[in-house]
Amino acid sequence: MKISKCTRVINALFVLQIFVSITFAGNVFGQVKTEEQPKTPEQTKTTTQVKVQAAQVNNFVQRFDDKFLINLALKRDDSETKKMLFLSNSLTYVSYSIPVALMVGGVVRHDSEMRQNALYVGSSAAITFGTTMLMKTIFKRRRPFVQNLKIVAVYNAGSTSFPSGHTSTSFAVATALSRAYPKWYVIVPSYLWAGSVGYSRMYLGVHYPSDVFGGAVLGTTTSWLLKPAFK
């Protein structure tokens with residue numbers, strides 16, 4: 001099966017994503033949970049500033065986001081936190097290992113469909129990653145622990161908050177894999193993993209529920225729209 005020029009471009013974006021993410025992605029295994037994270041100057045607020053900020057939060061979604069994360073943080077324990085860190089960090093390994101494994105399998109078995117599926121999954125992750133970075137620069141939503149003094153994160157993540165990059169990429173991979181191999185034993189584990197990654201970002205206090213929801217929609221939509229390019 002001949003690979004179109006469009007597919008070659010998308011594959012090049014996938015390779016570019018690897019270099020970009022290796023450069024900028026933080027390894028959460030290196031983070032240590034503390035009772036209270038050090039506050040940056042942006043996070044340090046006077047009582048008056050906190051009251052003013054609280055009065056300004058009259059948006060239903062923002063109120064829900066804040067309340068959800070504060071309540072979630074109260075339920076943290078060391079054992080669960082380690083699991084959430086592991087799930088969050090699994091994104092890098094899973095999102096790269098799946099397309100690589102499919103490509104190797106396709107080459108070894110001389111299976112052009114498997115190679116196409118490898119490009120589809122990898123390209124879905126790459127394009128979603130790029131779109132997420134673009135949206136982050138447009139919306140510039142501050143991280144929960146920066147926006148709200150009461151929200152204490154397990155570790156201080158960088159970049160901006162909306163949408164969740166971990167969630168968008170994991171759902172892009174899960175959707176692409178599920179469309180490439182529409183079997184229940186592929187679909188169920190794929191979306192369970194993607195959903196767990198999204199939940200871990202909220203549990204760790206680095207993303208709001210609306211960030212995660214936006215990421216899930218973005219990743220899923222990107223993979224669906226990209227499928228016709230890999231027939």
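Remember, it's a predicted structure, so these values are computed and weren't measured experimentally.

**Focus on the packing of aromatic side chains**
The tally for this structure, following the rule as stated, stands at 5 aromatic pairs. Each ring, one from Phe-64 and one from Phe-68, has its centre 5.8 Å from the other, and the planes form 35 degrees; the classification is tilted. Taken together, the residues Phe-64 and Phe-68, both in helix α3 (residues 60-74) and 4 residues apart, mark about one turn of the helix. A residue is classified by how much of its surface remains accessible, and Phe-68, at 29% relative accessible area, is partly exposed. Taken together, a centroid distance of 5.9 Å and an interplanar angle of 80 degrees make the contact between Trp-184 and Tyr-185 edge-to-face. The residues Trp-184 and Tyr-185 share a single accessibility class, namely exposed. Sitting over the face of the ring of Trp-224, Arg-179 holds its NZ or CZ atom 3.6 Å from the ring centroid. Across the ring face of Tyr-120, the terminal group of Lys-227 is positioned such that the distance to the ring centre comes to 5.5 Å.

**Examining the environment of Gln-116**
Considering the arrangement of structural elements, one finds Gln-116 in helix α5 (residues 112-139). Taking the C-alpha atoms as reference, Gln-116 lies 8.5 Å from Gly-106; in sequence the two are 10 residues apart.

**Let's talk about helix α7 (residues 165-180)**
Since there are 3.6 residues in each turn of an α-helix, residues three or four apart along the chain are aligned in direction. End to end, α7 covers 22 Å across 16 residues, agreeing with the expected 22 Å (1.5 Å per residue, within 8%). When you tally the buried positions in α7, you get 14 out of 16 residues, the bulk of the element.

How each quantity is defined
- Residues numbered from 1 in each chain as written.
- Predicted model: local features only at pLDDT ≥ 70, side-chain atom pairs only at ≥ 80, totals over all residues.
- Heavy atoms only, no water.
- Phe/Tyr/Trp six-rings, centres within 6.5 Å; stacked < 30°, edge-to-face > 60°.
- Helix = DSSP H or I, 4+ residues; strand = E, 2+ residues; numbered from the N terminus.
- Buried < 20%, exposed > 50% of the residue type's maximum accessible area, 1.4 Å probe, protein only.
- Lys NZ or Arg CZ within 6 Å of the ring centre and 35° of its normal.
- Expected span 1.5 Å × (residues − 1).

Nothing here speaks to function; it is all geometry.
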